[in-house]
Amino acid sequence: METVCSPIPNAGETLLLRGLLLPGPEAEAAARQWLEQTGIEGLNEGLLRLLPLLRHRLDPALVPERARPGLARVVRHYWLANTRWQYQAGQILAGLPAPVVALKGLALAHSVYPTSLCRPCNDLDLLVAPEAFEAVRDHLLGFGYTADGESLHAQLLTRPGWPEVDLHRSPYHEACSAALVRPILERVVPLSVHDVAIQRLGDADQLLHTLAHGLRPNRVSPLRWVVDADRQLTAAGSALDWSVFLAESSRLGLSEVAARSLAVLEDLVPGRVPVPILQALEQQRSPASARSFRLEREIEGPLNLWFRMRRNAPWPQRLLMLVQRYRQRWRSEGSRDMLGRGWYWGKRYLRGRFQSPKA
């Protein structure tokens, strides 16, 4: 069974995050303690990706002797991988036929981190306006990429030896209709990557996207969402428009996500989030939002799609989308397998539906 990593830090991971988030001596003490207690060799890849930033922040003389070879090896690995990734990313971006909006690592590495090495990436996440989506996808197919899986919010494209490209219709799994995405595209800001003019999300949208994407279990530890969010808050400072953040959290049904994730960040770095914002998000939450949050992250298959699509379309359209999406799978897998999957998904739903919402 595949191991799934929690987006909420445990005690050991909290120590690492404090070494990455806190100022001066507090961070140094936490980083040293974590390095002394932790074996780098056995870390999940998601935690390994945090080590270049840790090395950047920590005075070399403060790195414990036993941790130096492993830390140097990890940083060297990501330096080589980042050099190649940055070159290939520049090649991909230079020829695109329409403006694109950088998401996740590509945007953050070139806007809120001291160097791109401090935010290692292995893929490109690009958001495209609805009218330009097919043109950009066809260009990438002509560039040697192959369509390798599609969801409602994005199309995955792969090419051997090159970064995966996740071509997005929306920044969010939960909100992918064109009507929900267009206001987000109206707030994008310029970004230059390898002298190629592209765009990134506005500060409030970028923060909400980081929280919504980060607060999901993953086979690779997703904890760098905490560092991403903290770097964005630090970089934006007082310029961050919290009114936009709150309005979008409410409009997209992401108040529960925002409240939970910012509470985690506030526990790690007290005072990072203004108290009125935390209070406003608490007021936007409800038992129904807590239940939906849990179901959208725990239920699999068509029921997951059904819950996530509630923001995007009335139920007749949602039903039609489900039928279209699973008709081909029914043909390929057979009725017996699909009915078995349906029974499994139904049990998972009922177990979660009648469970008391978690705080």
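Everything discussed here concerns the structure shown above.
Only a predicted model underlies this, so the values are computations on that prediction, with no experimental measurement involved.

Visitor: In this structure, what is going on with the overall build of the protein? I would like to understand it.
Guide: Looking only at helices and strands, the protein has 17 helices and 7 strands in total. Within the protein, buried positions represent 50% of all 359 residues. For the protein, contacts bridging at least 24 residues in sequence account for 69% of all contacts bridging at least 6. As displayed, the protein has an accessible area near 17200 Å², and 54% of this comes from carbon and sulfur atoms.

Visitor: Is there a simple way to think about helix H13 (residues 275–284) in this case?
Guide: Working note: α-helix, 3.6 residues per turn, so residues spaced by three or four point in the same direction. Along H13, the residues classified as buried are Ile-277, Ala-280 and Leu-281. Angular distribution of buried residues about the axis of H13 spans 100°; they occupy a single face of the element. The exposed set on the far side of H13, more than 90 degrees from its buried face, consists of Pro-276 and Gln-283. Where H13 is buried, its residues meet helix H11 (242–251) and helix H12 (255–268).

Visitor: Teacher, can you tell me more about the side chain of Asn-82 here?
Guide: Along the chain, Asn-82 falls in helix H5 (residues 68–94). Residue Asn-82 is classed as buried on the basis of its relative accessible area of 9%. A polar contact of 3.1 Å, which involves the side chain of Asn-82, links it to the side chain of Ser-116. Those residues in contact with Asn-82 that sit more than four places away from it in its chain are Ser-116 and Leu-117.

Visitor: For this particular structure, what's the right way to read the packing of helix H9 (residues 203–214) against helix H10 (residues 224–236)?
Guide: Geometry of a packed helix pair, given as the angle between the helix axes and the separation of the axes. Direction vectors running N to C along H9 and H10 enclose 170°, while the axes themselves pass 9 Å from each other. Taken together, the axes of H9 and H10 lie roughly antiparallel to each other. Pair H9 / H10 crosses with left-handed handedness. Of the residues in H10, those in contact with Asp-203, Gln-206, Leu-207, Thr-210, Leu-211 and Gly-214 of H9 are Trp-225, Asp-228, Ala-229, Gln-232, Leu-233 and Ala-236. Its residues placed into classes, the contact of H9 with H10 shows 6 nonpolar, 4 polar and 2 charged.

Visitor: Explain the side chain of Gln-155 to me, please; I cannot follow it from the model alone.
Guide: With respect to the element layout, Gln-155 can be found in strand E4 (residues 154–158). Exposure remark for Gln-155: the relative accessible area of 4% places this residue in the buried category. When near neighbours in sequence (up to four residues on either side) are disregarded, Gln-155 contacts Phe-133, Arg-137, Ala-147, Asp-148, Gly-149, Glu-150, Val-165, Asp-166 and Leu-167.

Visitor: I would appreciate a short explanation of the sheet that holds E4 in the present structure.
Guide: Either a parallel or an antiparallel arrangement is found when strands of a sheet pair, and the pairing is made through backbone hydrogen bonds. Read from one edge to the other, the open sheet built from 7 strands follows the order E3-E4-E5-E2-E1-E7-E6, with strand pairing classed as mixed. One side of each edge strand has no neighbouring strand; the edge strands of this open sheet are strand E3 (146–150) and strand E6 (189–193). Adjacent strand axes in the sheet meet at a mean angle of 40° when their direction is disregarded. Where strand E1 (residues 101–103) lies against strand E2 (residues 123–127), 3 bridges are found, and the strand directions are antiparallel. Each bridged residue has a counterpart across the sheet, and for Ala-102 the counterpart in E2 is Leu-126.

Visitor: Explanation requested: the packing of aromatic side chains in the structure shown.
Guide: Aromatic ring pairs are reported here in terms of the distance separating the ring centres and the angle at which the planes meet. Summed over all chains, the structure comprises 3 aromatic pairs. Taken together, a centroid distance of 6.5 Å and an interplanar angle of 10° make the contact between Phe-143 and Tyr-145 stacked. Classification of Phe-143 as partly exposed rests on a relative accessible area of 27%. Among the residues examined, Tyr-145 registers a relative accessible area of 3% and is labelled buried. Each ring, one from Trp-242 and one from Phe-245, has its centre 5.3 Å from the other, and the planes form 80°; the classification is edge-to-face. Here Trp-242 pairs with Phe-245, and both are found in helix H11, just 3 residues apart, close to one helical turn. Every member of this aromatic cluster is reached through a ring pair, and the members are Phe-143, Tyr-145 and Trp-162. Cation over ring: Arg-159 sits above Phe-143, and NZ or CZ is 5.0 Å from the ring centre.

Visitor: Got a minute to help me understand the nonpolar core in this structure?
Guide: Across soluble globular proteins, nonpolar side chains have a tendency to be buried as a group. Leu-51, Trp-242 and Phe-245 are the most contacted members of the largest nonpolar core, which has 74 residues in total. Per-element tally for this core: the top contributor is H12, with 7 residues. When neighbours within four sequence positions are excluded, Phe-245 is seen to be in contact with Ala-204, Leu-207, Leu-208, Leu-211, Ala-258, Leu-262 and Leu-281. Of all hydrophobic cores here, the second largest spans 26 residues; its members include Ile-92, Leu-106, Val-136 and Val-193.

The rules we used
- Residues numbered from 1 in each chain as written.
- Predicted model: local features only at pLDDT ≥ 70, side-chain atom pairs only at ≥ 80, totals over all residues.
- Heavy atoms only, no water.
- Helix = DSSP H or I, 4+ residues; strand = E, 2+ residues; numbered from the N terminus.
- Buried < 20%, exposed > 50% of the residue type's maximum accessible area, 1.4 Å probe, protein only.
- Contact = heavy atoms within 4.5 Å.
- Areas by Shrake-Rupley, 256 points an atom, 1.4 Å probe, with all protein chains shown as cover.
- Arc of directions from axis to C-beta.
- Polar contact = N/O pair within 3.5 Å; in protein donor to acceptor, adjacent residues only side chain to side chain.
- Axes fitted to C-alpha atoms, helices over the stretch in contact; angles between N-to-C directions.
- Parallel < 35°, antiparallel > 145°, perpendicular 65-115°, else oblique.
- Left-handed = near helix turned anticlockwise from the far one by under 90°.
- Nonpolar A, V, L, I, M, F, W, Y, C, P; charged D, E, K, R; others polar.
- Pairing = 2+ DSSP bridges.
- Phe/Tyr/Trp six-rings, centres within 6.5 Å; stacked < 30°, edge-to-face > 60°.
- Lys NZ or Arg CZ within 6 Å of the ring centre and 35° of its normal.
- Core = buried A, V, L, I, M, F, W, Y, C linked by side-chain atoms within 4.5 Å.

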